[in-house]
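Summary of the model geometry
If you want the building blocks of each chain, they are given just below.
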There are 2 protein chains.
Amino acid sequence: MAERKTYHHGALRQALIDGAKEILAESGHEQFSLNEVARRAGVSTAAPYRHFTNRDDLLSAVAEEGYQTLAVDLEKATGLVGLGGAYVRFAHEHPGLFVTMFRSRPGGEASAAGEAAFGTLLRAVLAAQESGAIPAYASPELTARSIWATLHGLAVLHLQRPHERYGLGGEPEELATTTLSALLGVKPE
Amino acid sequence: MAERKTYHHGALRQALIDGAKEILAESGHEQFSLNEVARRAGVSTAAPYRHFTNRDDLLSAVAEEGYQTLAVDLEKATGLVGLGGAYVRFAHEHPGLFVTMFRSRPGGEASAAGEAAFGTLLRAVLAAQESGAIPAYASPELTARSIWATLHGLAVLHLQRPHERYGLGGEPEELATTTLSALLGVKPE
DNA sequence: GCTGCTATGTTAGTGCCGTTCACATAACTA
DNA sequence: TAGTTATGTGAACGGCACTAACATAGCAGC
């Protein structure tokens, strides 16, 4: 993708975001290089700075799109367990993107899509509590936050080797189901 | 620490590990630089390669010491909730080190200290299940793994801003207590 | 105590990185 | 059609991880 006819690219901003996702998918967050993104888009290494203030700014835009994709994935899932499976599966299928989304940034901004994703989880928790599928030790909000933490930890640990040692492995959905039922006694409907 | 009388440092390996921890504490994982570590130890930038094969190898040694510290911290805690609080507090007090320990490495090795830490958690879960403090939906092993995931997710999310949005904040111990009781109905003894 | 081996340090260099600056080109607007 | 603004380039900077050739010193066995 290094050839270009016109002097101006036309849609460089999106091309950079897409290229960044590509690199994250291929090589992971730690290997990400802004120069490499520019190379793939067929522009000079200085060009990205016309669209992003720096490397981190591009990664934030990539992360935002990640949150949107995640929100859509969660929306498609049904039930609390299905939603948990979708979360872990997202991390499993887009590990580089997932790490980029949740990398430790000192003063990370809130993401609208991230909020939407949480809202989806909240509704699932509410429904599960009302139907008695899970115990209601605490408010839906607090329970949803706690479950989010569980799913997130599960996803993060799943992206590394360690978890296998305790006999897990398996598909993301199985992981989520097993874990949620161990904590909440919930069963997939 | 840039002065030295003898040509040979004497204890460079440990000095590098300590310096690396210092940098992680000051600037975080993403800012870590091998050259900076060498500078602090008062040696040339090539010297570290006499003790570690590369930057990643040094970070792994640092991580191993981190696992040992974590294992000790968990050992000191009493009760399941106290242990959870200790886990989140460790991440809270050593964020750079924590990120380094759990960074996504393709083929991460198992850590003996990490296994020990899990063993401590497992015993706490066993005791809590036997005393009826938490429900026994699943085996102690599976439950312990699930709680580990929860604590880990909590710690990771706590290191970023996002969690505050849902009204958390507060001290690590409070976070762990609130979360575990929301999921398991467990109360601090 | 000298001699050689090996461990541990240095200096200088490579290539990649993120970032900036001065300048070129093209698209839009008056 | 002319001027302004948006978007690209090329060349440079310092910092990074890492390597190779060489220097020093600690430690054997003689």
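Quick caveat, the model's predicted, so the values are computed rather than measured.

Quick word on the overall build of chain A
What chain A contains, in helices and strands, is eight helices and zero strands. Order of helices (α) and strands (β) in chain A, N terminus to C terminus: α-α-α-α-α-α-α-α. Scored against the burial criterion, the 189 residues of chain A give a buried share of 51%. Relative to all contacts within chain A whose residues are 6 or more apart in sequence, the contacts with residues 24 or more apart total 65%.

Digging into the interface of chain A and chain B
On the chain B side, the residues contacting the 46 residues of chain A number 45 residues. Buried area between chain A and chain B, both sides added, is near 3,800 Å², and the carbon and sulfur share of it is 59%. For the pair chain A and chain B, the number of links is zero salt bridges. Connecting chain A to chain B are one residue pair in polar contact (both at pLDDT 80 or more). Tallying contributions element by element places helix 7 (residues 140-158) of chain A first for the side of chain A that touches chain B, with 13 residues. Residue classes in the side of chain A that touches chain B are distributed as 22 nonpolar, 17 polar and seven charged.

A closer look at the protein's contact with DNA strand D
Taken together, 24 residues sit near DNA strand D, with Ser44, Arg50 and His51 of chain A together with Arg39 and Arg55 of chain B positioned nearest. Taken together, the sugar and phosphate atoms account for 60% of what DNA strand D places within 4 Å of the protein. Between Ser44 of chain A and DNA strand D, the recorded distance is 2.6 Å, taken from a backbone N or O atom to a phosphate oxygen. Take Leu34 of chain B: an N or O atom from its main chain is 2.8 Å from a phosphate oxygen of DNA strand D. Split by residue class, the surface near DNA strand D holds nine nonpolar, 10 polar and five charged.

Points about helix 4 (residues 79-93) of chain A
In this model, helix 4 of chain A (15 residues) spans 21 Å end to end at C-alpha, consistent with the 21 Å of a helix rising 1.5 Å per residue. Those residues of helix 4 of chain A not exposed but buried are Leu80, Val81, Leu83, Gly84, Gly85, Ala86, Tyr87, Val88, Phe90 and Ala91 of chain A.

Thoughts on the relation of the copies chain A and chain B
Overlaying chain A on chain B yields an RMSD of 0.0 Å, the required transformation being a rotation through 180° with an accompanying axial translation of 0.0 Å. The superposition operator between the copies reduces to a two-fold rotation axis. Comparing interface residues between copies, 98% of those in chain A also sit at the interface in chain B, which points to an isologous, same-surface contact.

Some words on the packing of aromatic side chains
Here the structure, examined in full by the defined rule, presents 10 aromatic pairs over all chains. Taking the centre distance of 6.0 Å and the plane angle of 90° together, the rings of Tyr87 of chain A and Phe98 of chain A count as edge-to-face. Here the residue Tyr87 of chain A occupies a position in helix 4, and Phe98 of chain A occupies one in helix 5 (residues 95-101), the gap between them amounting to 11 residues. Ring centres 5.2 Å apart and planes at 70° place the aromatic pair Tyr87 of chain B and Trp148 of chain B in the edge-to-face group.

Some remarks on the UniProt feature "DNA-binding region" (unreviewed entry) in chain A
UniProt tags residues 33-52 of chain A as "DNA-binding region" (unreviewed entry). Helix makes up 40% of residues 33-52 of chain A and strand 0%, with an end-to-end C-alpha separation of 14 Å.

So, how was this worked out
- Residues numbered from 1 in each chain as written.
- Chains lettered and ligands numbered in written order.
- Predicted model: local features only at pLDDT ≥ 70, side-chain atom pairs only at ≥ 80, totals over all residues.
- Heavy atoms only, no water.
- Helix = DSSP H or I, 4+ residues; strand = E, 2+ residues; numbered from the N terminus.
- Buried < 20%, exposed > 50% of the residue type's maximum accessible area, 1.4 Å probe, protein only.
- Contact = heavy atoms within 4.5 Å.
- Buried area = accessible area lost by both parts, 1.4 Å probe.
- Salt bridge = Lys/Arg side-chain N within 4 Å of Asp/Glu carboxyl O.
- Polar contact = N/O pair within 3.5 Å; in protein donor to acceptor, adjacent residues only side chain to side chain.
- Nonpolar A, V, L, I, M, F, W, Y, C, P; charged D, E, K, R; others polar.
- Near = heavy atom within 4 Å.
- Expected span 1.5 Å × (residues − 1).
- Least-squares fit on C-alpha atoms with pLDDT ≥ 70 in both.
- Phe/Tyr/Trp six-rings, centres within 6.5 Å; stacked < 30°, edge-to-face > 60°.
- UniProt positions renumbered as here; feature names shortened; annotations may be inferred.

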